[in-house]
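Summary of structural features
Next come the chains, spelled out residue by residue.
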Amino acid sequence: MTATRPDPAGESFAELLGGRRAALDATLGPLAFGIAFVAGDRSIEWGVGAAIAVTVVIGVWRLLRGDKLSAVLVGLLGVVVAALIALRTNRPEDFFFIRIATNAASALAWAVSIMLRWPLLGVVVGGVLGQRGSWRRDPALLHAYSRASWVWVMQYVVRLAVWLPLFWAGQTEALVVSTIALTWPVVAACLAVSWYVMRRSLPKGHPGLRHPVLDTARAGV
């Protein structure tokens, strides 16, 4: 019988992490900001008011569906801080400053984690699966998580390459459109590509990410 590629856990990163849903939520605030900003004759007050209102509605809906209060509050806090910055500077493009800064920080954090042999994809998925650090004692899993994590680094780099020139040029409407285009679709693509890289990186016969093949020589790692 010919050995086949492993099916790591039999489910995708999207199913494990709920990435598409979170990314879709993240587009609604900027979309509301952009629509209200244009409809209100480029009024920052209208834009930030709409963004906060939509984020609150989403948060209430998430709480009713059983999501954690802390996650909802973090999302609301991000929008409120972005709104305060834009109102303070009177520059509508500054509403996107927090989003740009967090993407830059994320790109750096993911790259550093790979270099330190603690790839964040493994940290996150291992945490969801309740594995703590056991996946690091499987050389094949560690290698696969490291390779797949570079896909996540690239998604942040792609966004920054588009957003930074628009931010510096004060192109608020273009920032709204590009934020929508580079959030849900890019996250969906990132989840799919990193999952593909993960599957291709694991050797034939490996039982999958739910079942690390522990290297006892690395038990102290």
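A quick note: this is a predicted structure, and the numbers were derived from the prediction, not measured.

Quick notes on a nonpolar patch on the surface
Together, Leu-108, Val-112, Leu-116, Trp-118, Val-123, Val-124 and Val-128 give the surface a local cluster of nonpolar side chains, amounting to about 620 Å² of exposed area. When residues of the nonpolar patch are traced back to their parent elements, those giving at least two are helix H5 (97-115) and helix H6 (120-128). By secondary structure assignment, the location of Leu-116 is in the loop between H5 and H6.

Observations regarding the pattern of salt bridges
Overall, the coordinates contain three salt bridges when judged by the stated rule. Arg-42 serves as the salt-bridge partner of Glu-173, at 2.3 Å between the closest nitrogen and oxygen. With Glu-173 in helix H8 (residues 172-181) and Arg-42 in the loop between helix H2 (19-39) and helix H3 (44-64), the pair connects residues that are 131 residues apart, well separated along the chain. With relative accessibility at 32%, the residue Glu-173 sits in the partly exposed group. Linking Asp-94 and Arg-91 is a salt bridge whose minimum nitrogen-to-oxygen distance equals 3.1 Å. Through salt bridges that share partners, Arg-91, Glu-93 and Asp-94 make up one connected network.

Re the packing of aromatic side chains
Given two aromatic rings, their pairing is described by the distance between the two centres and the angle made by the two planes. Applying the stated criterion to the full structure yields eight aromatic pairs. Arranged with centres 4.2 Å apart and planes meeting at 0°, the rings of Phe-33 and Phe-95 form a pair that is stacked. One end of the pair, Phe-33, is in helix H2; the other, Phe-95, is in the loop between helix H4 (69-89) and H5, with 62 residues separating them in the sequence. With a centroid separation of 5.9 Å and 90° between ring planes, the pair formed by Trp-118 and Trp-135 is classed as edge-to-face. With Trp-118 in the loop between H5 and H6 and Trp-135 in the loop between H6 and helix H7 (139-168), the pair connects residues that are 17 residues apart, well separated along the chain. Here Trp-118 falls in the partly exposed class, since its relative accessible area comes to 40%. On the basis of relative accessible area, Trp-135 is assigned to the buried category, the value being 0%. Through pairs of rings, three or more aromatic residues link up here, namely Phe-33, Phe-37, Phe-95 and Phe-96. One Lys or Arg, Arg-91, reaches over the ring of Phe-167 and ends 5.9 Å from the middle of that ring.

What counts as what
Residues numbered from 1 in each chain as written. Predicted model: local features only at pLDDT ≥ 70, side-chain atom pairs only at ≥ 80, totals over all residues. Heavy atoms only, no water. Patch = residues over 30% accessible without salt bridge, like charges linked within 9 Å, V, L, I, M, F, W, Y side chains within 5 Å. Areas by Shrake-Rupley, 256 points an atom, 1.4 Å probe, with all protein chains shown as cover. Salt bridge = Lys/Arg side-chain N within 4 Å of Asp/Glu carboxyl O. Helix = DSSP H or I, 4+ residues; strand = E, 2+ residues; numbered from the N terminus. Buried < 20%, exposed > 50% of the residue type's maximum accessible area, 1.4 Å probe, protein only. Phe/Tyr/Trp six-rings, centres within 6.5 Å; stacked < 30°, edge-to-face > 60°. Lys NZ or Arg CZ within 6 Å of the ring centre and 35° of its normal.

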